[in-house]
Amino acid sequence: MTYDFDRTIDRTGSGDVKHSKLKEFFGRDDLLPLWVADMEFATPPFIIEALRRRLDHPILGYTVVPEELWSCICRWLLDRHGWHVKRDWLAFIPGIVKGIGMVVHAFVGHDERVIIQPPVYHPFRLVPQDNGREVVMNPLIEQHDDEGQLSGYAMDFEGLEALARDPRNRLLILANPHNPAGLTWDAQTLRHVADICAANDVLVISDEIHCDMALFGHHHIPFASVSEAAAQCSITFSAPSKTFNIAGVVSSYAVVPNPQLRERFFSWMNASEFADPTLFAPIATIAAFSEEGEVWRRQLIGYLEDNVRFVEEYCRRHLPMIHPLRPQASFLIWLDCRGLGISHEALVDLFVNGARLALNEGAMFGLEGRGFMRLNIGSPRVMLQQAMERLCTAVKEVGSQG
Ligand SMILES: Cc1ncc(COP(=O)(O)O)c(C=O)c1O
């Protein structure tokens, strides 16, 4: 079966955040939405069908969790990522951001702190802070190619080690793959992080929600799979929600190989039944982590890679002052707009009021994101083309005024 990613779908009436919250977040609602990280593609038909089949039964009462949920997650992680996960390492979590909040409550005292490495997905900072825990930063280090263009980010191991040595710093939250820069971290980097954290009794959350969308021949490496130290010091969170466009179903899972961490975290969750899935979550996950799911996933990746190439080519020809960092995973492009030579505030104004585009502005991921915008390319190419054309026109207008 060939899936149609070119189809434009009108989301009106679905209550989706990406459209419904434009006015609240951007002050106007006539914007092309390329921000919130879900995709404009139809959820795969085999997932919709599985949910519909369940709706054919007239009672939606309390329901047991099918054992198949766990076996299909184990099989998927082994087949996709070569990671042997045991059934009892797994628990359901009601979303990854909520999972981060739960780990903060279960493991981080009010006088303890959380380490993050900006620029990084903003709830890594907001969730601990809003739960009264201090957040300390170990910024990523920009890497540049021979022409001086941003080519990626490296971790500051010295900085991480210095923070890890402080006993108040209890938790590191890692984005693997990285959002917003789309990096797949290599095994050596992950091993180094694990060695530092394990030696200093720092717990690691590895957020692997984007793991099933490695692009251009890159591979996702599960943090806990790189060494025994990594397995023992970490809690991994993942989900089919990004890859299969089912974020609204809310179906995520935790993998905890260390028995002590597992006992503490799972019993904390179970005490309040936080680890009980809704009726629909296992159904959607089992349908996603299937042979059909794998066919869909591969076609999606092909389409996303072409979308990346489209944006790169467009910028090269028409917007050379904007440099898209090629993502190694997922459907987000980190646009380095510093070549435009304008302030971050002017950049945001250019995108929103000039080009009428809704992107995530880079500073929300940390101060290191000033001068950047995060573009969601999980949409039909015509929509991306329209976005790039609007941007080009707006940039020319600013240029002619200046
Ligand atoms: C790195 C990362 N983690 C977590 C989430 C959200 O996960 P959830 O909806 O399960 O809370 C996102 C969504 O954009 C993300 O990019």
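Every chain begins its residue count from 1, and numbering advances along the sequence as written. In keeping with the predicted nature of the model, local features appear solely for residues at pLDDT of at least 70, side-chain atom pairs appear and are counted solely at 80 or more, and the whole-chain, interface and lining totals rest on all residues. Excluding hydrogens and water, the side-chain figures rest on all heavy atoms present in the structure.

Participant: What is the right way to read the overall build of the chain from this model?
Facilitator: Counting its secondary structure elements, the chain contains 14 helices and 15 strands. Taking 402 residues into account, the globule formula puts the C-alpha radius of gyration at 21 Å, and the chain, at 21 Å, falls close to it. With respect to the three principal axes, the spread of C-alpha positions in the chain is 65 × 55 × 40 Å. Sequence separation of at least 24 residues holds for 74% of the intrachain contacts in the chain that already meet a minimum separation of 6. Per-residue and other accessible areas were derived by the Shrake-Rupley procedure at a 1.4 Å probe size, with only the shown protein chains allowed to occlude residues. Working note: accessible area of the chain is about 17400 Å², and carbon and sulfur atoms make up 51% of it. Here a helix means four or more residues in a row that DSSP labels H or I, a strand means two or more in a row labelled E, and each is numbered from the N terminus. Our radius of gyration looks at C-alpha atoms and nothing else; its globule reference is 2.2 Å times the residue count to the power 0.38. Whether two residues are in contact is decided by their heavy atoms, any of which lying within 4.5 Å being enough.

Participant: How should I be thinking about the site of the ligand in this particular structure?
Facilitator: Residues are counted as near a molecule or strand when any one of their heavy atoms sits within 4 Å of it. Close contacts around the ligand come from A37, G95, I96, V97, Y121, N179, D207, I209, H210, K242 and S252, and that covers them all. Within the side chain of N179, an N or O atom sits 2.7 Å from an oxygen atom of the ligand. Here the ligand, which alone exposes 400 Å², has 86% of that area covered by the protein. In this analysis the probe radius is 1.4 Å and the grid spacing 1 Å, with only protein atoms considered; a cavity is a set of points the probe fits into but cannot get out of, a pocket is an open set with protein on both sides within 12 Å along at least five of seven lines, and lining residues have an atom within 4 Å of a point. Just a note on the criterion: a molecule sits in a pocket or cavity if more than half of its atoms are within 2 Å of the grid points. When atoms are counted within 2 Å of each cavity's grid points, the one that captures over half of the ligand is the largest pocket. Asp, Glu, Lys and Arg are counted as charged, while Ala, Val, Leu, Ile, Met, Phe, Trp, Tyr, Cys and Pro are counted as nonpolar; the rest, among them Gly, fall into the polar class. Of the residues assigned to the shell around the ligand, the class counts are 5 nonpolar, 4 polar and 2 charged. By the criterion applied in these results, polar contacts are pairs of N or O atoms within 3.5 Å in which, for protein atoms, one can donate a hydrogen and the other can accept it, and in which residues neighboring in sequence qualify only through two side-chain atoms.

Participant: Honestly, the environment of L22 in this entry has me stumped. Any pointers?
Facilitator: Tracing the chain through its elements places L22 in helix α2 (residues 22-26). Taking C-alpha positions, L22 is 37 Å from E147, a pair spaced 125 residues apart along the chain. Ignoring sequence-local partners within four residues, the contact set of L22 consists of G27, R28, D29, L31, P33, W35 and A358.

Participant: Even after reading the chapter, I still don't get the packing of aromatic side chains, so can you show me in this structure?
Facilitator: Ring pairs (aromatic) are described by centroid distance and by the angle formed between their planes. In summary, the pairing rule links any two rings of Phe, Tyr or Trp, Trp by its six-membered ring, whose centres are within 6.5 Å, and it sorts them by plane angle into stacked for under 30 degrees, edge-to-face for over 60 and tilted for everything else. With the rule as written, the count across this model stands at 20 aromatic pairs. Judged by centre distance (4.6 Å) and plane angle (15°), the rings of W76 and F289 are stacked. Of the two residues, W76 sits in helix α4 (residues 68-81) while F289 sits in the loop between α11 (280-288) and α12 (291-318), which places them 213 residues apart along the sequence. Throughout this description, buried means an accessible area under 20% of the type-specific maximum (1.4 Å probe, protein chains only), exposed means over 50%, and partly exposed covers the range between. Residue classification places W76 among the buried residues on the basis of a relative accessible area of 3%. An aromatic cluster is defined as three or more aromatic residues linked by ring pairs; in this entry it consists of F5, F41, W76, F244, Y253, F289, W296 and Y303. A ring is scored as having a charge over it whenever the NZ atom of a lysine or the CZ atom of an arginine sits within 6 Å of its centre and within 35 degrees of its normal. One cation-aromatic arrangement involves R80 over W76; the distance from NZ or CZ to the ring centre is 4.6 Å.

Participant: Looking at this structure, I do not really get the domain arrangement of the chain. What am I missing?
Facilitator: One frequent convention defines the size of an interface as the accessible area lost when the parts assemble. Assigned domains of the chain: these are domain 1 (17-44 + 293-401) and domain 2 (59-291). On the domain 2 side, the residues contacting the 37 residues of domain 1 number 38 residues. When two components associate, each loses some accessible surface as probed by a 1.4 Å sphere; the sum of these losses over both components is called the buried area. In total, domain 1 and domain 2 occlude about 3300 Å² of area from one another, counting both sides; carbon and sulfur atoms represent 58% of this. It is L325, Q328 and F365 in domain 1 that bury the most area against domain 2; as a group they hold 21% of the surface buried on that side. Counted as salt bridges are all cases of a side-chain nitrogen of Lys or Arg within 4 Å of a carboxyl oxygen of Asp or Glu. Linking domain 1 to domain 2 there are 2 salt bridges. For E142, the salt bridge is made with R338, and the minimal N-O distance between the two is 2.8 Å. Where domain 1 meets domain 2, there are 23 residue pairs in polar contact (both at pLDDT 80 or more). Secondary-structure elements contributing two or more residues to the side of domain 1 that touches domain 2 are α12, β11 (323-325), β12 (332-336) and β15 (372-376). For the side of domain 1 that touches domain 2, the leading source of residues is α12, giving 11 residues. Boundary definitions for the domains trace back to an automatic or database domain assignment.

Participant: What's the story with the pattern of salt bridges in this structure? I'm lost.
Facilitator: Working definition: two side chains of opposite charge can pair if their charged atoms are close together. Per the counting criterion, the structure on display carries 24 salt bridges. Measuring nitrogen to oxygen at the nearest pair gives 3.1 Å for the salt bridge that ties D38 to K18. With D38 in the loop between β1 (32-33) and α3 (45-55) and K18 in helix α1 (residues 17-20), this residue pair connects regions lying 20 residues apart in the sequence. Residue classification places D38 among the buried residues on the basis of a relative accessible area of 14%. According to the relative accessible area criterion, K18 is buried, its value standing at 1%. For E294, the salt bridge identified is with R80, shortest N-O distance 3.3 Å. Placement of E294 in helix α12 and of R80 in helix α4 is noted, with a sequence separation of 214 residues between them. Take R80: its relative accessible area is 25%, and that puts it in the partly exposed class. Within the structure, one salt-bridge network assembled from shared partners comprises R11, D16, K18, D38 and E40.

Participant: What should I look at first to understand the state of the cysteines in this one?
Facilitator: Covalently bonding the sulfur atom of one cysteine to the sulfur atom of another cysteine gives a disulfide. By convention in this document, the label disulfide applies to cysteine sulfur atom pairs within 2.5 Å. Evaluated as defined, the whole model comprises 0 disulfides. In this structure C211 is not part of a disulfide, and its nearest cysteine sulfur, from C72, lies 13 Å away. By relative accessible area, C211 is classed as buried at 3%. No disulfide involves C392; its sulfur sits 9.3 Å from that of C315, the nearest cysteine. Judged by relative accessible area, C392 falls into the buried class, the value being 6%.

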